[in-house]
Amino acid sequence: SQTIHQWPATLVQPVGSPLSLECTVEGTSNPNLYWYRQAAGRGLQLLFYSVGIGQISSEVPQNLSASRPQDRQFILSSKKLLLSDSGFYLCAWSVRGFSNQPQHFGDGTRLSIL
Amino acid sequence: DAKTTQPTSMDCAEGRAANLPCNHSTISGNEYVYWYRQIHSQGPQYIIHGLKNNETNEMASLIITEDRKSSTLILPHATLRDTAVYYCIVRVGAGGGADGLTFGKGTHLIIQP
């Protein structure tokens, strides 16, 4: 069966520090991969999605970036965090080529910026 | 994506069936109904989806009316661990490319012991 892993589960970072969140998927090949942010009391906001290695599309302009160095690895990064980057970051995957198939989410990383 | 309407909250006794309604009167012919839930501090969990036929899996059943304007998610034997916010989403597809999922306010289901 397929599983998705995100780490760390929680992170406290000072303003201006760098960020690297990692997501890996097991049990499937060539997945679509997604990064979302969920601010407190608000809905999901799609940040990035990827349909293949090195292929990243950004949905929201910001100081975050994403990379997909391997087929089942998706990384969210920032060079300098802002207070507004606080939130719950979720990685998700779906089967490529079948748009009616659902997205499956990881357990998320709760990021607090001080 | 078609708009959905769900009750803000519902209670259900442990061991009973929980029936969560969703109205989607503007659904179009190629839109699916998806259900997710989110337990506090966890990522959303996919439950089930369907187009027009009723669907059942190990977690739940999905009943879609013949006119497809509403649906009901059924948890057959609710447990305390089913307490969560349940989201009904109607869209053409939930898995492709730039189609980020949009969750509304959902239904906060509380299972009572």
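Residues numbered from 1 in each chain as written. Chains lettered and ligands numbered in written order. Predicted model: local features only at pLDDT ≥ 70, side-chain atom pairs only at ≥ 80, totals over all residues. Heavy atoms only, no water.

Draft legend 1. Geometry of the sheet that holds strand β6 (residues 61-64) of chain B. Residue and element names in this part refer to chain B. An order of β2-β7-β6-β5 is seen for the four strands of this open sheet, with the pairing classed as antiparallel. Bordering the open sheet on either side are β2 (18-23) and β5 (55-56), each of which pairs with just one other strand. Of the strand pairs in this sheet, β5 and β6 are connected by two bridges, and their pairing is antiparallel. Note on β6: the bridge partner recorded for E55 is L62. (Pairing = 2+ DSSP bridges. Helix = DSSP H or I, 4+ residues; strand = E, 2+ residues; numbered from the N terminus.)

Draft legend 2. View of the packing of aromatic side chains. Taken as a whole and judged by the stated rule, the model has nine aromatic pairs over all chains. Seen in terms of ring centroids, W35 of chain A and F74 of chain A are 6.1 Å apart; in terms of plane orientation they differ by 25 degrees. Their pairing is stacked. Here the residue W35 of chain A occupies a position in strand β4 (residues 32-38), and F74 of chain A occupies one in strand β8 (residues 73-78), the gap between them amounting to 39 residues. Residues W35 of chain A and F74 of chain A agree in their burial class; the two are buried. Measuring from ring centre to ring centre gives 5.5 Å for Y36 of chain B and F103 of chain B, while their planes differ by 45 degrees; the resulting arrangement is tilted. Of the two residues, Y36 of chain B is situated in strand β3 (residues 32-38) and F103 of chain B in the loop between β8 (84-91) and β9 (107-112); the sequence distance between them amounts to 67 residues. The burial state of Y36 of chain B is the same as that of F103 of chain B; both residues are buried. The structure contains a cluster of three or more aromatic residues connected by ring pairs, namely Y34, Y36 and F105 of chain A together with Y36, Y46, Y87 and F103 of chain B. Here R110 of chain A stacks its cationic end above the ring of F88 of chain A, 4.1 Å away from the centre of that ring. (Phe/Tyr/Trp six-rings, centres within 6.5 Å; stacked < 30°, edge-to-face > 60°. Buried < 20%, exposed > 50% of the residue type's maximum accessible area, 1.4 Å probe, protein only. Lys NZ or Arg CZ within 6 Å of the ring centre and 35° of its normal.)

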